[in-house]
Amino acid sequence: MDWPASEPIITARLLLEPLSVEHAPAMIEVLADPSLYDYIGGEIPSLELLEKRFAAQAGGRSDDGSQWWLNWVVTKRDVGRPVGYVQATVEDDGSRLVADIAWVISPNWQGRGIASEATRAMVAWLRSNGVHRLTAHIHPDHQASMKVAQNQALHATFTKKDGEVRWESYQPSTAR
């Protein structure tokens, strides 16, 4: 399947830029707070690791072409520097496009609606490109991420993966 390329997205306060390796140095500061990893796991990345990760992610798709990888760096427009990222992994489930979405905002910028605004913009872009169903996986104690998911009309399910609760949303297809 030919997936569309990600594009810059502008909101009232934010610029979502398609991820590139060049974002790695600026994202080191964003990802440097150990509290970010309390719920999502992992650890603070080195610049080398981040460059390798971004190079793979910026490729835009899995090697076999079955997944479309979309990653945006979230920049607060009035300060001109990154504050986090949003991402989506899109697959065709045989009848519809499904996106597994995620968001990470630096603790220095949390609590200001940035994750919801950035995620809402990404979801609108995904929907405009044919995505009908959304999923997210959230740690059962991560109240802030649950609120972001609710703001995107996602609902918790009884399904768990790696200790995280699966959240889902669905938009029925429209007749053409």
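In this text, all values refer to a predicted model and were calculated from it rather than measured experimentally.

**Overview of the overall build of the protein chain**
- Tallying secondary structure elements over the protein chain gives 5 helices and 8 strands in all.
- Along the protein chain, helices and strands appear, N-terminal first, in the series β-β-α-α-α-β-β-β-α-β-α-β-β.
- Taken over C-alpha atoms, the radius of gyration comes to 16 Å for the protein chain, in line with the 16 Å a tight globule of 176 residues would show.
- Principal-axis analysis of the C-alpha atoms places the extent of the protein chain at approximately 45 × 35 × 35 Å.
- Across the 176 residues that make up the protein chain, the buried fraction comes to 40%.
- In the protein chain, the share of contacts with a sequence separation of at least 24, taken over all contacts with a separation of at least 6, comes to 59%.
- Distance between charge centres in the protein chain, computed from 17 positive and 22 negative side chains, equals 8 Å.

**Structural notes on the pattern of salt bridges**
- Tallied over the entire structure, the rule returns 5 salt bridges.
- Asp-78 serves as the salt-bridge partner of Lys-76, at 3.0 Å between the closest nitrogen and oxygen.
- Since its relative accessible area comes to 9%, Lys-76 is described here as buried.
- Asp-93 serves as the salt-bridge partner of Arg-133, at 3.3 Å between the closest nitrogen and oxygen. In this pair, Arg-133 is assigned in strand β6 (residues 131-138) and Asp-93 in the loop between β4 (81-92) and β5 (97-105), connecting sequence segments 40 residues apart.

**Details of the nonpolar core**
- Within the largest apolar cluster, 36 residues are counted, with the highest numbers of intra-cluster contacts made by Leu-16, Val-90, Ile-101, Trp-103 and Leu-126.
- The element that contributes the greatest number of residues to this core is helix α4 (residues 114-128), accounting for 8 residues.
- Beyond its immediate sequence surroundings of up to four residues, Trp-103 is in contact with Tyr-85, Val-86, Ala-115, Thr-119, Ala-136, Ile-138, Ser-145, Val-148 and Ala-149.
- Of all hydrophobic cores here, the second largest spans 11 residues; its members include Val-30, Leu-36, Leu-50 and Phe-54.

**Some thoughts on the layout of surface pockets**
- Each pocket or cavity is described by its volume, and for the largest pocket that value is around 1000 Å³.
- What lines the largest pocket is a set of 43 residues, and nearest its centre among them are Ile-40, Ala-102, Trp-103, Val-104 and Ser-145.
- Tallying contributions element by element places β5 first for the lining of the largest pocket, with 6 residues.

**A short note on the packing of aromatic side chains**
- Summed over the entire model, instances satisfying the criterion amount to 2 aromatic pairs.
- A centroid spacing of 5.8 Å and a plane angle of 50 degrees characterise the contact between Trp-68 and Trp-125, whose relative ring orientation is tilted. Of the two residues, Trp-68 sits in strand β3 (residues 67-76) while Trp-125 sits in helix α4, which places them 57 residues apart along the sequence. For the residue pair Trp-68 and Trp-125, the accessibility class agrees, reading buried in each case.
- One aromatic cluster in this structure is built from Trp-68, Trp-72 and Trp-125.

**Some words on the pairing of β6**
- The element β6 is largely enclosed, with a buried count of 6 among its 8 residues.
- As defined by bridge partners, β5 adjoins β6 across 4 bridges and the pair is classed as parallel. Each bridged residue has a counterpart across the sheet, and for Ala-99 the counterpart in β6 is Leu-134.

Basis of the calculations
Residues numbered from 1 in each chain as written. Predicted model: local features only at pLDDT ≥ 70, side-chain atom pairs only at ≥ 80, totals over all residues. Heavy atoms only, no water. Helix = DSSP H or I, 4+ residues; strand = E, 2+ residues; numbered from the N terminus. Rg over C-alpha atoms; globule rule 2.2 N^0.38 Å. Buried < 20%, exposed > 50% of the residue type's maximum accessible area, 1.4 Å probe, protein only. Contact = heavy atoms within 4.5 Å. Lys, Arg positive; Asp, Glu negative; His and termini not counted. Charge placed at Lys NZ, Arg CZ, Asp CG, Glu CD. Salt bridge = Lys/Arg side-chain N within 4 Å of Asp/Glu carboxyl O. Core = buried A, V, L, I, M, F, W, Y, C linked by side-chain atoms within 4.5 Å. 1 Å grid on protein atoms, 1.4 Å probe; cavity = no way out; pocket = protein on both sides within 12 Å on 5 of 7 lines; lining within 4 Å. Points joined across faces, edges and corners; volume = space filled by probe spheres on them. Phe/Tyr/Trp six-rings, centres within 6.5 Å; stacked < 30°, edge-to-face > 60°. Pairing = 2+ DSSP bridges.

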